[in-house]
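# Secondary and tertiary structure notes
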Amino acid sequence: MRRGRVAAVGLCVVLGVVSMNSHAAKVLVISTSYDPLNAETVASLESYGHEAIIGQPYHLFDGSVSLAGIDAALVLVNYNWSLGDMPPAGQTALLNFIDNGGGLVTGEWFVWKNAAQNSFATLYDAIPVVSTAAFTTNAGVNATTYTRATPNLVLNAGLLDSIGFTADYFGGTETKLDPKPGATVFYDSNNPLGGDGLIGWNYGDGRVLSFSTTIGSQQLAHAGFSRLLANTLAFAAGDGTLVVLGDMNGDGALDAFDVAPFELALADRTAYAATYPGLDPDVFGDMNFSGELDAFDVSAFEAALAGGGMSVPEPAAGMLLGLLALTCPRRRIV
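Residues numbered from 1 in each chain as written. Predicted model: local features only at pLDDT ≥ 70, side-chain atom pairs only at ≥ 80, totals over all residues. Heavy atoms only, no water.

## Description of the nonpolar core
Stated precisely, the cut-off is as follows: Put simply, a nonpolar core is a bunch of buried Ala, Val, Leu, Ile, Met, Phe, Trp, Tyr and Cys residues held in one set by side-chain atoms that sit within 4.5 Å of each other. Burial here depends on accessible area, computed with a 1.4 Å probe over protein chains only, as a share of the maximum for the residue type. Under 20% is buried, over 50% is exposed, and the range in between is partly exposed. Where helices and strands are cited, they refer to DSSP runs of H or I of at least four residues and of E of at least two residues respectively, numbered from the N terminus.
Core analysis: the biggest nonpolar cluster contains 36 residues, and Leu74, Phe211 and Leu229 have the highest contact counts within it. Among the elements of the structure, strand E3 (26-31), helix H1 (35-47), strand E5 (72-75), strand E9 (162-166), strand E11 (184-189), strand E13 (206-211) and helix H5 (223-237) are those that each provide at least two residues to this core. Element by element, the count of residues in this core is highest for H5, at 8 residues. Counting 30 residues, the second largest nonpolar core, distinct from the first, contains Phe61, Leu104, Leu177 and Val185.

Right, dumping it as structure tokens:
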């Protein structure tokens, strides 16, 4: 557990990788009781550099498994939301874990179960949101937008100001979250009931953040939301998160699959935003640190690909050089 390192965020560049404190978090994922969803959660987190392991389901988490070496725990009460409460000993173990410097990230129905069923009563003291049973439910299309409310270098890394995604449905989609006194709203939500999307605070020597949504397959598959989740776990653990320069498709690596989205971002920002929602091309594509992606980043992008053992396919290279030739005369005044 590594509390106190968020303030010491630095930047280094190695073959196009920007590391905001490059030590990724070791995350305990409290099991959803559904193996495919567990696997999707682990794959998503590991694609951003975290180490993720599956633990007991929340209703069986009794504190008997050591949390030594764990940086943050992710509690998703979604697929198995109806299976009762977390044993008091497990709640006490997590409370002590947080108090001693660990991180906790929750999704719904954590807060709803506290209000409606008095679940998580021991652990609730550490949760940064007011207990409420108000929620939205829609088994169809659940268009949700999170909008940045309080800027944070780690949480916002690689993301646009707003992230639009389809919220997952597990008997409902989103709880109306409001902050406890002293908590910070990092993202607002367009929840029709009002409330916020992501709220957090420091607790003891640790940190706790709560999402308003249930976080299932659709959200994990969304480029913007999955990065926000990974960033949030890094922040909860006291670490930074990785931004791989040139990773224009948001899969956590710079490779030949980033050539086409790099070209797309240069040529048509609207089309790029539609194809890779939530990702900020001026973060991932700004290879020369000018503050934005433009044609002056092309040579650095090609060099980073070559340095990583990849070569730009000939047609793509030609298009990149063409774009460079077209836009080079229009230099920006900084």
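## Let's talk about the environment of proline 151
As for its position among the elements, proline 151 is in the loop between strand E8 (143-148) and E9. Given the relative accessible area of 63%, proline 151 is considered exposed. C-alpha of proline 151 to C-alpha of tyrosine 187: the two residues are 36 residues apart in sequence and 8.9 Å apart in space.

## Some words on the confidence of the model for the chain
What counts, and what does not: Confidence scores labelled pLDDT are given residue by residue by the predictor and lie between 0 and 100. Throughout, a residue-residue contact means that at least one pair of heavy atoms, one from each residue, lies within 4.5 Å.
For the chain, per-residue confidence averages 83 on the pLDDT scale, and residues scoring 70 or more make up 82% of the total. Residue range residues 1-22 is modelled with pLDDT below 50. Its contacts to residues more than four positions away, or to other chains, number 73 contacts. Predicted confidence is poor over residues 308-334, with pLDDT under 50, and the contacts of this stretch with residues over four places away or in other chains come to 33 contacts.

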